[in-house]
Amino acid sequence: MIVAKFGGTSVGDAAAIRRTAGIIRARLPQQPIVVVSALAGTTNALLAAAEQASSGNLVAAIAGVQQLRERHLAAVQELAGSGPESQELAATVSAFLDELAHLVEALSVLGHATPRSLDAIASLGEQLSAPIVTAAFRREGIDAVLVDARRVMVTDDDHGRAKPLPERIADAARDLVVPLVLANRVPVLGGYIGATVTGVTTTLGRGGSDYSASLIGAGVEATAIEIWTDVDGMLTADPRVVRGARLIDHIRFDEAAELASFGAKVLHPNTITPAVARGIPVLVFNSMRSEGSGTRITADAPRVAVRAIAGKGNTVIVKVRSPRMLGTPGFLQQIFEVFARHKTSVDVVTTSEVSVSLTVDDDQYLEAVVAELRQCGDVGVERSRGILAVVGASLAANPSAMATAIAAVGDVHLHMVSLDSTGINLTMVVDADAVKPLMQRLHDAFFPEAAA
Ligand code: ADP
Ligand code: ASP
Ligand code: MG
């Protein structure tokens, strides 16, 4: 059994969905379970409509809903033809879009959106794409069957970034998904969405379909988790940012996890964890070029000094300074407890005798965090920062690689530098607008064109 996940561009329109069907047909002997994202751009459009409606711009929100209706119905018509199955599908799709219109109107009346109502809206992208892909597969002769992901992906109720409950997911996958595979059928589920134990719809956080795929893969003990996307695999850097980024054939779980956490959007940061727990290889392929060899992510790729560079912007540094820190047991614990209480996760940490700097991506609760931290010492907040990560399993063991990284930084202002405890990730915090140029410089230093 394998799990094959197709991202937004891989199901972006009728032609892409047909290509996806071809990929699955070729994999029928491996007993695939299919996880799909929303049609490319849909989740953004849904969240934009919610934001417009709740901020008083109902006209724009309804126009957005109408565009989504036209786009999804066009895909239905192109893929499912005009028979009774197609009419049924068009009715299903229209019903979801009516629901969206009602939700958007409700938000406009209320004048604000709750995380729970945003999940109800954001989840519609995958609730729409999964039946469309299922119908398209059936039309292409694949015995596909739709499974409501919310019955499988059981989560807590932290709306917008719900945490999955892996044991319940494994049980549900064994009960609802595996029997279909054993009957030679192809289950199709929407990624990203789930539900609480009481059945309230949740989402796993943006880009979460990869995570859905790996949770289901772990649940059914799949032999591989395939991530089909719009690039040839994991590359030595984001090809949208860095010229000359190259395909990585084989990469270690820990390296891929670090890269994903520090900006390599090709994988959701949590994707690797369930796969590691069961030792399941994660394979990344290009759905536009299915003949490519892709990237293989396993525990045992050979160690190299530098595998890839990642980067991200929108980082906030929080600095806490206090002479009390000196020799006070539990001081850092107090600081971390403040972040934990406000559900804010910390990315990078550096300390001196009397100060600690921490970075966060999510500034939703930052005001409350800072107010509480003031009880620990002087607090400074620096916005418009970004993070770069140089990742390789033998990085710290290789002094010349470390020297190359530091030399490439040149005159860029470094706000924080950290090497993790396993010596695999050299992290640097810089001004946000320095991230892209420095990524290129680091990439040029470690992966010179001539060596390609
Ligand atoms: P999908 O919709 O298939 O999930 P995403 O847009 O989430 O696709 O992820 C694919 C994108 O990730 C690529 O188009 C690429 O720009 C970006 N990306 C960032 N870092 C990397 C990397 N190291 N290797 C490959 N792609 C990367
Ligand atoms: N559709 C969701 C998003 O855009 C989940 C995903 O594509 O992985 O975030
Ligand atoms: Mg993605």
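Treat the numbers as computed from the prediction; the structure is a model and nothing was measured. (Residues numbered from 1 in each chain as written. Chains lettered and ligands numbered in written order. Predicted model: local features only at pLDDT ≥ 70, side-chain atom pairs only at ≥ 80, totals over all residues. Heavy atoms only, no water.)

Student: Describe the site of ligand 1, and please don't skip the residues or the numbers.
Tutor: Lining the immediate environment of ligand 1, one finds 17 residues, of which Thr229, Asp230, Leu235, Asp238 and Arg240 sit closest. Note that an oxygen atom of ligand 1 is positioned 2.8 Å from one of the side-chain N or O atoms of Asp238. Bound to the protein, ligand 1 loses 91% of the 580 Å² it would expose on its own. For the shell around ligand 1, a count of residues per class yields 8 nonpolar, 4 polar and 5 charged. (Near = heavy atom within 4 Å. Polar contact = N/O pair within 3.5 Å; in protein donor to acceptor, adjacent residues only side chain to side chain. Areas by Shrake-Rupley, 256 points an atom, 1.4 Å probe, with all protein chains shown as cover. Nonpolar A, V, L, I, M, F, W, Y, C, P; charged D, E, K, R; others polar.)

Student: Explain the pattern of salt bridges residue by residue, including any values.
Tutor: Per the counting criterion, the structure on display carries 27 salt bridges. For Lys5, the salt bridge is made with Asp210, and the minimal N-O distance between the two is 2.6 Å. Placement of Lys5 in strand β1 (residues 2–6) and of Asp210 in helix α8 (residues 209–219) is noted, with a sequence separation of 205 residues between them. Its relative accessible area of 3% is what places Asp210 among the buried residues. Ionic pairing is found between Asp158 and Arg161, a salt bridge with its closest N-O pair at 3.9 Å. In this structure Asp158 comes out as buried when scored by relative accessible area, which is 14%. Within this structure, Asp156, Asp158, Arg161, Lys163, Lys343 and Asp362 form a network of salt bridges that share partners. (Salt bridge = Lys/Arg side-chain N within 4 Å of Asp/Glu carboxyl O. Helix = DSSP H or I, 4+ residues; strand = E, 2+ residues; numbered from the N terminus. Buried < 20%, exposed > 50% of the residue type's maximum accessible area, 1.4 Å probe, protein only.)

Student: Account for the sheet that holds strand β2 (residues 32–36), naming residues and giving values.
Tutor: In any sheet, the strands associate via hydrogen bonds between backbone groups, in a parallel or an antiparallel arrangement. Overall, mixed pairing links the 8 strands, which are arranged β3-β4-β2-β1-β7-β9-β10-β8 in an open sheet. Of all strands in the sheet, those bounded by a partner on one side alone are β3 (144–146) and β8 (250–252). Averaged over all neighbouring strand pairs, the angle between strand axes comes to 25°, with direction disregarded. With 3 bridges connecting them, β8 and strand β10 (residues 295–298) associate as parallel partners. Residue pairing for β10: Arg252 is matched across the bridge by Thr298. (Pairing = 2+ DSSP bridges. Axes fitted to C-alpha atoms, helices over the stretch in contact; angles between N-to-C directions.)

Student: Account for the sheet that holds strand β13 (residues 355–360), with residues named and values stated.
Tutor: Pairing in this open sheet of 6 strands is antiparallel, and the strands run β12-β13-β11-β14-β16-β15 from one edge to the other. The open sheet terminates on both sides in strands that have one partner only, identified here as β12 (346–351) and β15 (414–419). In this sheet, neighbouring strand axes are inclined to one another by 30° on average, regardless of whether the strands run parallel or antiparallel. Pairing analysis gives 11 bridges linking strand β11 (residues 308–321) to strand β14 (residues 378–391), with the strands arranged antiparallel. When the sheet's bridge partners are listed, Val320 is paired in β14 with Val379. Each of β11, β14 and β16 (425–431) is contacted by helix α9 (residues 253–261), which is oriented at about 65° to β11, the strand it contacts most. (Contact = heavy atoms within 4.5 Å.)

Student: Describe the pairing of β2, with residues and values.
Tutor: Counting buried positions over the 5 residues of β2 gives 5, a clear majority of the element. Across the two faces of β2 the burial is the same, with Pro32, Val34 and Val36 and Ile33 and Val35 all buried. For the segment spanning β1, helix α1 (residues 14–26) and β2, crossover handedness is right-handed. In terms of strand pairing, β2 meets strand β4 (residues 186–190) through 3 bridges, oriented parallel. (Right-handed = clockwise from strand over helix to strand, strands pointing away.)

Student: With reference to specific residues and values, describe unusual backbone geometry.
Tutor: Note on backbone geometry: most residues besides glycine have negative phi, and most peptide bonds are trans. The phi dihedral of Glu221 falls on the positive side, at around 50°, and the residue is not glycine. Among the structural elements, Glu221 can be located in the loop between α8 and β7 (224–229). Positive phi, close to 55°, is recorded for Asn314, a residue that is not glycine. In this structure, Asn314 sits in strand β11. Take Asn314: its relative accessible area is 68%, and that puts it in the exposed class.

Student: Could you give an account of α9, with specific residues and numbers?
Tutor: Because each turn of an α-helix spans 3.6 residues, side chains separated by three or four positions in sequence point in the same direction. Buried within α9 are the following residues: Phe253, Glu255, Ala256, Leu259 and Ala260. Along the long axis of α9, the arc covered by the buried residues comes to 165°, so they all point the same way. Buried residues in α9 make contact with β8, α10 (272–278), β9 (282–286), β10, β11 and β14. (Arc of directions from axis to C-beta.)

Student: A description of helix α11 (residues 331–341) should follow, citing residues and the corresponding values.
Tutor: Among the residues making up α11, those that are buried are Phe331, Ile335, Val338 and Phe339. Buried residues along α11 cover an arc of 95° about the axis, so they all sit on one side. Residues of α11 that are exposed and point over 90 degrees away from its buried face: Gln333, Ala340 and Arg341. In this structure, the buried residues of α11 make contact with β11, β12, β13 and α12 (366–373). Lys343, located one to two residues past α11, shows a positive phi value of around 50°.

Student: Mind laying out the side chain of Thr43, listing which residues take part and the relevant values?
Tutor: You can see Thr43 is positioned in helix α2 (residues 42–54). For Thr43, the contacting residues outside a window of four places in its chain are Ala38, Ala122, Glu126, Tyr192 and Arg206.

Student: How would you explain the site of ligand 2 if you had to name every residue and give the values?
Tutor: Taken together, the residues surrounding ligand 2 are Ser37, Thr43, Glu126, Tyr192, Arg206, Gly207, Gly208 and Ser209. Side-chain polar atom of Arg206 to an oxygen atom of ligand 2: 2.7 Å apart, as the coordinates give it. Ser209 is positioned such that a nitrogen or oxygen atom in its backbone is 3.0 Å from an oxygen atom of ligand 2. Protein chains bury 85% of the 260 Å² of accessible surface belonging to ligand 2 in isolation.

Student: Explain the nonpolar core to me, and be specific about the residues and the numbers.
Tutor: The biggest cluster of nonpolar side chains holds 54 residues, and the ones touching the most others in it are Val152, Ile216, Met234, Leu267 and Ile297. Top contributing element to this core by residue count: helix α7 (residues 166–182), with 7 residues. Core analysis: the next-biggest nonpolar cluster, separate from the first, contains 47 residues, Ile24, Ile121, Ile132 and Trp228 among them. (Core = buried A, V, L, I, M, F, W, Y, C linked by side-chain atoms within 4.5 Å.)

The quantities given are spatial measurements derived from coordinates; they are silent on function.
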